[in-house]
Amino acid sequence: MEVMSVASCEHRGQGAEVPAGRLQAPSGAGARAAGAARLPELLAPAGSFEALLAALAAGADAVYAGLAAPGLDARAAAPGLTAAELARACALAHARGARVYVTLNALVYTAELDRAVACARAAMTAGADAFIVADLGLASRLACDLPAAELHLSTQAGAQAAPAVAWAARELGCSRVTVARELSVAEIARACATGVEVEAFCHGAICICYSGACGLSAHARGRSAMRGDCTQPCRQPWALTDASGAPCARTAGDKLLCPKDYLGLRALPALVRAGVGALKIEGRMKNPDYVYNVVGAYRAALDALAAGEEISVDALIERVGRSFNRGFTDAYPRGDRAGTGRALMSFERSCNQGVPVGTVVARGHRQVTVELTADVAAGDTLEIHTVLPADAAADVPRRWPLVPCTVDARAGERVEVACKRRVAPGSAVYLTASAAVRARSDAALARLAAEAAALAVPAVPELPEAPAAAPEGTGAAGEVRAGRVPLAVSPRFTRTAAAAARLLEAGTAEVAVEAWRLMDGASAWEPMLPRLTVLLDAVFREGDEGRCRNLVRTARRVICRNLGEVALCQAEGVRFDVAAPVYAENEAAVGVLVRAGAARIWLSDELSAAEAAGLAAAVAPLAPVGRLALPAAELMVMEHCVLTAEGPCDQACATCRRRAEERFLVGADGARYAVATDALGRSRIFAPALPADSPRPLGRPAR
């Protein structure tokens, strides 16, 4: 049995459902000063008031919730809390020694800043303890207009290394920074060593794109992930083809961009020793029973660590598996770069996969006999992973029939369940919905709801309503038609060293190249670097710092795409440009970046032409603004190598032959996106190239 332990952990709480007044030890850098590893705060999702009750009942130290205020939240589909619900939630949480954080983590435009600040002010009146923000401009406005507000930087902002963490505290006044899911425990520990409180994810869904900074949804569907309206293209079927359209993938399924869910249970002792201030469970789109079950499992694990007691990790994994999951992976916290393709991805399915509970051992007429490896109960939903009978026709598809369990039974017993589909012995059986989990959650919710209803809560004003959408052509500076205000001229981008040399010889004013291309044929690029503008990567992890520092010191000019790169340029005393995913969608964000040393601001294509022109006019005294004309817009960058779908590889990324071949991801609608993998094994997805005279961008993303 795998058990967990950690030395010198202070105790923070008891049991699954925690009574009001549970003692809490402080979290954060100050609590770690004496050398004893204090337990981090357990931070739970609350997409609804009921989910918030479930989180508190299960022992969360803090919850994070959005507001019922459209346009301000990175989970637009979650209902969020009304002002009255937030006030009651804060009263209940505070009575139980817990905190409430409000998510204002969508990108906002200039015209939306005042409303966002007003919503934050209303949330503070209701009792909110802190705000989770991703937009640099909103963070700046909150720090100025609400100086008492506690700010936490969202993972959407892209803090992937210690320099970005320190920068957020120094430049934005953030007291806590949520680091990227892709980091290993060792990298998280070095971020913690900055002295800034670090929040790390410990469980839940993973966006395959770094820090969720994905442009694929906006490009394909006109719905922006960074505005909280992602259509989840990573969960859709994709074909991997060569230039001729011939298929290349050899995986069992077609979910080539779908990762499993993050599992941090095995890493908890190491994360505690690393000094994280908070462990975050993803799930504001999940039901209350999911929140109750998963939070309860992590609460039990942390309390066992605090008490020095042994606890079965396998049992806890089985417990969380009884709630929605796409399978589990701990490849990221382990730093398993070599195994990400196999250990990280759920190629076959993107839906709930449950937990294994048995195997079909016999098939009868419209029923099967299952030998159980785990307990089941009447009311559970079981799923049979079909193994087709030997006499099945070749065109019979593999299915996963859902069947009801009608009896209580223990591991080792055999039960009969109804199943009309023909399945063969050997088919695995999974539990995908647990009646016991629902029953425990419902009972806890009833108790907490009664407790919340008994509280005296003062009346609070309603949240400010969103203004009517401005007509196309109206920008922050008034009536501004697209193209009326000139934008900065983009440098001429090139893909090869030979082409760069020709452009320089021809006297091109500014020649630019993407940094990831420089890793191939470095000897040819190196002599030209002092004459080139380099578009730095969206990724800036600890291992990227040395290579990036060399570019900052050597290149004619650099364009930063990560806050860590901004911090590095500041440290080197180098002026720089910025481009997405360092987002400047409003005047306040431009101000933050200019004060940090930005010379030019390159806008995201998600701004409409009118919005870009309006912003350019408004910030003209601060810095020139433009839009980069890349050979092909980069929509997504991921640590996962898409080429692993072609079969096992030797992990020699720099010399990989597959990288030399053209590859495309083709969606169910026939859309074709180029894929490139760099010398570090990171894959990138690009928008189809646009004709030179095409309007940019494609259109205003949906709100």
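Participant: I'd like a description of the pattern of salt bridges, backed by residues and values.
Facilitator: One pass over the full model with this rule turns up 47 salt bridges. Measuring nitrogen to oxygen at the nearest pair gives 3.2 Å for the salt bridge that ties Arg-223 to Asp-229. Arg-223 sits in the partly exposed class, given a relative accessible area of 33%. Two residues, Arg-684 and Asp-537, come together in a salt bridge whose shortest N-O distance is 2.8 Å. Highlighted residues: Arg-684 in strand 32 (residues 683-686) and Asp-537 in the loop between strand 24 (532-535) and helix 16 (545-554), separated in sequence by 147 residues. Of the two residues, Arg-684 and Asp-537, both sit in the buried class. Taken together, the shared-partner salt bridges in this structure form one network comprising Glu-187, Arg-541, Asp-544, Arg-547, Glu-639 and Arg-682.

Participant: How would you explain the nonpolar core if you had to name every residue and give the values?
Facilitator: The tendency in soluble globular proteins is for nonpolar side chains to be buried as a group. The biggest cluster of nonpolar side chains holds 153 residues, and the ones touching the most others in it are Phe-131, Leu-265, Tyr-298, Val-534 and Ile-601. The dominant element in this core, judged by the number of residues it contributes, is helix 9 (residues 288-307), at 12 residues. In contact with Ile-601, not counting residues within four places along its chain, are Val-578, Ala-584, Val-590, Leu-593, Ala-623, Pro-624, Val-625 and Gly-626. Residues Ile-206, Cys-248, Tyr-262 and Leu-665 belong to the second largest nonpolar core, which totals 26 residues.

Participant: Explain the sheet that holds strand 27 (residues 598-602) to me, using residue names and the numbers behind them.
Facilitator: Sheets are built from strands that pair by backbone hydrogen bonding, the pairs being arranged parallel or antiparallel. Strand order in the open sheet made by the seven strands is 22-23-24-25-26-27-28, with parallel pairing throughout. Edge positions in the open sheet fall to strand 22 (492-493) and strand 28 (625-626), since each of these has one partner strand only. Contacting strand 25 (557-560) and strand 26 (576-578), helix 17 (residues 563-572) runs over the sheet at an angle of about 145 degrees to strand 25. On the sheet, helix 18 (residues 587-596) packs against strand 26 and strand 27 and is oriented at approximately 145 degrees with respect to strand 27.

Participant: Break down the sheet that holds strand 32 for me, with residues and values.
Facilitator: If you walk across this open sheet you meet the five strands as 10-30-31-32-29, and the pairing is antiparallel. The open sheet has two edge strands with one neighbour each: strand 10 (238-241) and strand 29 (634-638). Ignoring which end each strand starts from, the neighbouring axes of this sheet average 25 degrees apart. As judged from the four bridges shared by strand 31 (residues 672-677) and strand 32, these two strands associate in the antiparallel manner. Residue pairing across strands places Thr-677 opposite Ser-683, the latter belonging to strand 32.

Participant: I'd like a rundown of the packing of aromatic side chains, residues and numbers included.
Facilitator: Inspection of the entire model under this criterion finds two aromatic pairs. The ring of Tyr-109 has Arg-227 lying over it, and the distance from NZ or CZ to the ring centre is 4.3 Å. Directly above the aromatic system of Tyr-290 lies the positively charged group of Lys-286, at a separation of 5.1 Å from the ring centroid.

Participant: How would you summarise the pairing of strand 32 if you had to cite specific residues and measurements?
Facilitator: By the alternation rule, side chains of strand 32 split into Ser-683 and Ile-685 and Arg-684 and Phe-686, which are all buried. Alignment of strand 29 against strand 32, held across four bridges, turns out to be antiparallel. Considered in strand 32, the bridge of Met-636 is made with Ile-685. Between the end of strand 31 and the start of strand 32, which pair antiparallel, lie five residues, with Gly-681 showing a positive phi angle near 85 degrees.

Participant: Tell me what's going on with the environment of Asp-408, and back it up with residues and numbers.
Facilitator: The residue Asp-408 is located in the loop between strand 17 (402-404) and strand 18 (414-418) in this model. Taking relative accessible area as the criterion, Asp-408 reaches 60% and is therefore assigned exposed. If sequence neighbours within four positions are ignored, Asp-408 has contacts with Val-376, Ala-377 and Ala-378. Within polar-contact distance, the side chain of Asp-408 engages the backbone nitrogen of Ala-378 at 2.8 Å.

Participant: So what's going on with the packing of helix 1 (residues 49-57) against helix 13 (residues 435-453)? Which residues, and what values?
Facilitator: Relative orientation of the contacting elements helix 1 and helix 13 amounts to 100 degrees, with a least axis distance of 9 Å. Here helix 1 is positioned roughly perpendicular relative to helix 13, judged by the angle of their axes. Two secondary-structure elements touch here, helix 1 through Phe-49, Glu-50, Leu-53, Ala-54, Leu-56 and Ala-57 and helix 13 through Ala-444, Leu-445, Leu-448, Ala-449 and Ala-452. A breakdown of the residues in the contact of helix 1 with helix 13 according to their chemical character gives 10 nonpolar, no polar and one charged.

About the cut-offs
- Residues numbered from 1 in each chain as written.
- Predicted model: local features only at pLDDT ≥ 70, side-chain atom pairs only at ≥ 80, totals over all residues.
- Heavy atoms only, no water.
- Salt bridge = Lys/Arg side-chain N within 4 Å of Asp/Glu carboxyl O.
- Buried < 20%, exposed > 50% of the residue type's maximum accessible area, 1.4 Å probe, protein only.
- Helix = DSSP H or I, 4+ residues; strand = E, 2+ residues; numbered from the N terminus.
- Core = buried A, V, L, I, M, F, W, Y, C linked by side-chain atoms within 4.5 Å.
- Contact = heavy atoms within 4.5 Å.
- Pairing = 2+ DSSP bridges.
- Axes fitted to C-alpha atoms, helices over the stretch in contact; angles between N-to-C directions.
- Phe/Tyr/Trp six-rings, centres within 6.5 Å; stacked < 30°, edge-to-face > 60°.
- Lys NZ or Arg CZ within 6 Å of the ring centre and 35° of its normal.
- Polar contact = N/O pair within 3.5 Å; in protein donor to acceptor, adjacent residues only side chain to side chain.
- Parallel < 35°, antiparallel > 145°, perpendicular 65-115°, else oblique.
- Nonpolar A, V, L, I, M, F, W, Y, C, P; charged D, E, K, R; others polar.

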